[in-house]
Amino acid sequence: DPITAGSSTATRSMIVRSFVDTSVFVYADDPRDPAKQARATGLVGTAMRSRMGIVSTQVPQEYFSTATQQLRLDHDVARRRVELIATMLVVQVDPSLILAAIDLYRVHRLSIWDAPIFQSTVAAGCRELLSEDMQPGFRLGGVVIVNPFG
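Residues numbered from 1 in each chain as written. Predicted model: local features only at pLDDT ≥ 70, side-chain atom pairs only at ≥ 80, totals over all residues. Heavy atoms only, no water.

(A) Fine view of the nonpolar core. With 41 residues, the main nonpolar core has Phe19, Val20, Val24, Phe25, Tyr63, Phe118 and Leu129 as its most contacted residues. For this core, the element with the highest residue contribution is helix H2 (residues 22-28), accounting for five residues. Among all residues touching Val20, those that are not within four sequence positions of it are Phe25, Ala47, Gly53, Ile54, Val55, Val59, Met88 and Leu130. (Core = buried A, V, L, I, M, F, W, Y, C linked by side-chain atoms within 4.5 Å. Buried < 20%, exposed > 50% of the residue type's maximum accessible area, 1.4 Å probe, protein only. Helix = DSSP H or I, 4+ residues; strand = E, 2+ residues; numbered from the N terminus. Contact = heavy atoms within 4.5 Å.)

(B) Highlighting the side chain of Gln58. Position of Gln58 among the secondary structure elements: in helix H4 (residues 58-69). A polar contact of 2.6 Å, which involves the side chain of Gln58, links it to the side chain of Glu62. The residues touching Gln58, leaving out its near neighbours within four places in the chain, are Val93, Trp113, Pro116 and Ile117. (Polar contact = N/O pair within 3.5 Å; in protein donor to acceptor, adjacent residues only side chain to side chain.)

(C) Broad picture of the packing of aromatic side chains. Taken as a whole and assessed by the stated rule, the structure comprises two aromatic pairs. Ring geometry for Tyr27 versus Phe149: centroids 5.0 Å apart, planes at 70 degrees, classification edge-to-face. Of this pair, Tyr27 sits in helix H2 while Phe149 sits in the segment after strand S6 (143-146), placing them 122 residues apart in sequence. Comparing Tyr27 with Phe149, the two get one shared label, buried. When the ring centre of Phe149 is taken as origin, the NZ or CZ atom of Lys36, which lies over that ring, is 5.9 Å away. (Phe/Tyr/Trp six-rings, centres within 6.5 Å; stacked < 30°, edge-to-face > 60°. Lys NZ or Arg CZ within 6 Å of the ring centre and 35° of its normal.)

(D) Representation of the environment of Gly141 in the model. Tracing the backbone through its elements, the reader meets Gly141 in the loop between strand S5 (139-140) and S6. In this structure the C-alpha to C-alpha distance between Gly141 and Ile54, which are 87 residues apart in sequence, comes to 17 Å.

(E) A nonpolar patch on the surface, seen in detail. On the surface, Ile98, Leu99, Ile102, Tyr105, Ile112 and Trp113 cluster together into a nonpolar patch covering about 600 Å² of accessible area. Checked against the element boundaries, Tyr105 lands in helix H6 (residues 95-108). (Patch = residues over 30% accessible without salt bridge, like charges linked within 9 Å, V, L, I, M, F, W, Y side chains within 5 Å. Areas by Shrake-Rupley, 256 points an atom, 1.4 Å probe, with all protein chains shown as cover. Salt bridge = Lys/Arg side-chain N within 4 Å of Asp/Glu carboxyl O.)

(F) Structural view of the pattern of salt bridges. Under the counting rule described, the total for this entry stands at five salt bridges. The salt bridge partner of Lys36 is Glu132, with a shortest N-O separation of 2.6 Å. Separated by 96 residues along the polypeptide, Lys36 in helix H3 (residues 34-50) and Glu132 in the loop between strand S4 (128-130) and S5 bring together distant segments of the chain. A salt bridge links Arg106 to Asp103; the nearest nitrogen and oxygen atoms lie 3.7 Å apart. Placement of both Arg106 and Asp103 in helix H6 is noted, with a separation of three residues, approximately one turn of the helix. Classification of Arg106 as exposed rests on a relative accessible area of 57%. For Asp103, a relative accessible area of 41% gives the class partly exposed.

Quick look at the structure:
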């Protein structure tokens, strides 16, 4: 368990409400990097047990696409993983969130795919966004991006 292992990112991240980006779930199923897989598996388990991990409706969609296309995970297995992800607290991506994400994209130069994730993090009241795919240390609206693998 990453919390008891003394990992500062996992300890801090699961004490506060944290948004878990798609990449963490993908790495949990990716055997190509055993260290990242172990770290991701620990983070996912901690996020689920603590009920402090948050996702948005975008995350399971991205996960299914990446897991089946890039990792070649069986569709039934990937669907079961999506069912598990859906047991977490889930932010609904609605039109007002999309419009706020477009503003983030325009003003702060977040990618059009990362902006809804970041805006979902803000909407959920999270203090951290765990993602390898975004700029670590970027702060906005009380949220900081943390690379859980860095």
